[in-house]
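Close look at the chain arrangement
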Amino acid sequence: MKLHAITIAIAMAAFAGAAAAGNQQTMSPVYVSPADVAACTPPSDAPACGNFHRWIRANFSEREIGMLFGARTSYPESLTGGIDRLQKRYQALVQEYVAQQNAASEQVAAK
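Read on for an overview of the structure. None of these values were measured; they are calculated from a predicted model.

In total, this model carries 1 salt bridge according to the counting rule given. Salt-bridge contacts for Glu64 lead to Arg89; the nearest nitrogen and oxygen are separated by 2.9 Å. With a gap of 25 residues between them, Glu64 in helix H4 (residues 62–69) and Arg89 in helix H5 (residues 82–110) connect regions that are remote in the sequence. With relative accessibility at 21%, the residue Glu64 sits in the partly exposed group.

Structure follows, in structure tokens:
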């Protein structure tokens, strides 16, 4: 739900930025936090989570997604420590996603 609000805020910032260009006003940027992304953890079906879910599918196989968000004990890799590496990789990619979203927000706010 928070990501949806942030998406709306980004869109509004873009429109307001164009309107404010004549007034030379600066709008504050909208930042995406890891807590906002946590609301989109699968199996969330919120439309605002679509970009994050595409990001996950682009960076993880179906099997890895199953281990991260499903019943991990059904995967033999979870017994050999593979899940620890996978979770660290997921956390790193979440941070990268948040950073990219923040950069996009800052670009919109700068215009």
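With that out of the way, let us pick up the nonpolar core. Membership of the largest hydrophobic core comes to 18 residues, with the highest contact counts inside it found for Val37, Phe52, Ile56, Phe60, Leu86, Tyr90 and Val94. The set of elements that each furnish at least two residues to this core consists of helix H3 (50–59), H4 and H5. In terms of residue count, H5 provides more of this core than any other element does, 7 residues in total. Contacts of Ile56, omitting those with residues within four sequence positions, involve Pro42, Ile65, Phe69 and Tyr90.

Criteria and cut-off values
- Residues numbered from 1 in each chain as written.
- Predicted model: local features only at pLDDT ≥ 70, side-chain atom pairs only at ≥ 80, totals over all residues.
- Heavy atoms only, no water.
- Salt bridge = Lys/Arg side-chain N within 4 Å of Asp/Glu carboxyl O.
- Helix = DSSP H or I, 4+ residues; strand = E, 2+ residues; numbered from the N terminus.
- Buried < 20%, exposed > 50% of the residue type's maximum accessible area, 1.4 Å probe, protein only.
- Core = buried A, V, L, I, M, F, W, Y, C linked by side-chain atoms within 4.5 Å.
- Contact = heavy atoms within 4.5 Å.

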